[in-house]
Amino acid sequence: MTACASIAEWTDGPAEAPRADDAVRFDRVTVERGGRAVLRDIDASFATGRVTGLFGPSGSGKSTLIRAIAGVQSGVRGTVTVLGERPGSIAVRRALGYMTQSPSVYEDLTVTENVRYFAAIRGAEMGDVLERVQLCTHANQLVRNLSGGQRARVSLATALVGRPRLLLLDEPTVGLDPLLRRDLWRLFGDLAGEGAALLVSSHVLDEARHCDEVILLREGRIVAQLSPEELSARTGTDDLDEAFIRLIERR
Amino acid sequence: MSTARTFATARRVLLQLRHDPRTIALMLLVPCVLETLLRLIYARHRATFDQAGAPLLAFFPLTTVFLVTSIALLRERVTGTLERLLTSPLGRLELLGGYALSFGLLAAVQATIVCALTLGPLGLRVQGPVALLVVLAVCVALLGTGLGLLASAFARTEFQVVQFFPLIILPQLLLCGLLVARQRLPGALHAISDALPLSYAVDGMHHLSRQVGAAGAVAADTAIVLAFAAGALILGAVTLRRQTN
């Protein structure tokens, strides 16, 4: 696996050569918000057909990184390449499914009405997204009357319509019960198997085990990008929280 | 520009309103109540009612649609749906077109009901064709969409956006010729009044209520209102930034 660069390479080595299957690529990307660098000198890429996890504590820059890919973040310096195009270009917008951190759906519409609308503007059908996020029983309820976790899944469903080639999911599993979390990670694996590129953020490091590869972010910098197995092997622990601590302390 | 996406957006906005029947009822009934009130105030001055009643028909859609659009768009900004739409294939003009279409339709319903009441039971006398009255009201509604969109771009909270109402709409009401005929305004104010869109809507209503065969003049006024509406919508599209902090 080419993407599993060692920590040394990530900190002082040269940037990787571009790969043919790169879905997204960052070249020396820095993002400033309110005069403060939220992301610093990011060099990274992730591939299609895989689930890439984006992990780091709250405030480490995960959402900013995702917004930079989605093309809605201002103050981006450096180059972000998405599916070979510029972020925010119409080609990217046709291929992108984006779930924001707080559920961004219409509270005064039903679940089905929400999904239908997002499908319509993508020129797609609803398909089986409600089954995939396990919301069929709530199809005709107003989003306003749903719980926080259910709203998050409506938001996820609207990101999945039209089978996007690139899925950016900002903390899709937060606040969900363990069973549902497991099912969603399985769903993400299935979607990757169908050929999509997924970038899924979470602050629960334990969820890293569901990913093909993880990017660890801290204070706006990439600490490491590697597979969960390598993370355990390199740090000598299966406890992913502990592994993260050891990685940072070693730097 | 995809009409399918524009129609889908218009449908979505109308569905949102359908789940909020109280707002629809208020939008349709309040203008009727106000026209009735005006009729009662001028119970003994029928001519004054004829003079003020018609211009108010142009003012209602501006108020209603301005408030609804500015708040609806602010909500899209605050809840993140706007950010999401801007990462989808939906174009900015398609989004605004959807808003204009749905609120234009609502304004047509509002205008039809208010005109039916005002010209029927309340006995407002107009000389021009009634259909033009409704057309002018719909154009004013499109103007309201455009101005509401612009206002929402400069507001971060509901408190702020509501304050744009006295700032953007009320001066137009004071200067549109309802209180003092525009020709009798002091020079500078007359010039300002010439630059404000509601003035032309009210001019149009005046023509309709006073002159026989004023269709040409009304069409000209309507065209000016429509041009202002288009300008506001395009400016609104420009202020709809994809990238935010």
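Residues numbered from 1 in each chain as written. Chains lettered and ligands numbered in written order. Predicted model: local features only at pLDDT ≥ 70, side-chain atom pairs only at ≥ 80, totals over all residues.

A. The overall build of chain A, seen in detail. Looking only at helices and strands, chain A features nine helices and nine strands. Its C-alpha atoms give chain A a radius of gyration of 18 Å, near enough to 18 Å, the size a compact globule of 251 residues would have. Relative to its full complement of 251 residues, chain A shows a buried share of 49%. For chain A, restricting intrachain contacts to residue pairs at least 6 apart in sequence, the fraction spanning at least 24 positions comes to 68%. (Helix = DSSP H or I, 4+ residues; strand = E, 2+ residues; numbered from the N terminus. Rg over C-alpha atoms; globule rule 2.2 N^0.38 Å. Buried ≥ 20, exposed ≤ 12 C-beta atoms within 10 Å, placed from the backbone. Contact = placed C-beta atoms within 7 Å.)

B. Region of the structure containing the overall build of chain B. Within chain B one finds 10 helices and zero strands. The N-to-C order of helical and strand elements in chain B reads α-α-α-α-α-α-α-α-α-α. In terms of overall dimensions, chain B has C-alpha extents of about 55 × 40 × 35 Å along its principal axes. Counting over 245 residues, chain B shows a buried share of 44%. Across chain B, the fraction of contacts at a sequence separation of at least 24, relative to all contacts at a separation of at least 6, is 79%.

C. Region of the structure containing the interface of chain A and chain B. With 26 residues of chain A at the contact, the number on the chain B side is 21 residues. Of the residues assigned to the side of chain A that touches chain B, the class counts are 12 nonpolar, eight polar and six charged. (Nonpolar A, V, L, I, M, F, W, Y, C, P; charged D, E, K, R; others polar.)

D. Here's a closer look at the sheet that holds strand β4 (residues 76-82) of chain A. All names here are of chain A. Sheet architecture is open: three strands sit in the order β2-β1-β4, paired in antiparallel fashion. Every other strand in the sheet has two partners, leaving β2 (36-47) and β4 as the edge strands with one partner each. Recorded for the sheet is a direction-independent mean angle of 10° between the axes of neighbouring strands. Taken together, the eight bridges between strand β1 (residues 22-33) and β2 define a ladder with antiparallel strand orientation. Considered in β2, the bridge of phenylalanine 26 is made with alanine 44. (Pairing = 2+ DSSP bridges. Axes fitted to C-alpha atoms, helices over the stretch in contact; angles between N-to-C directions.)

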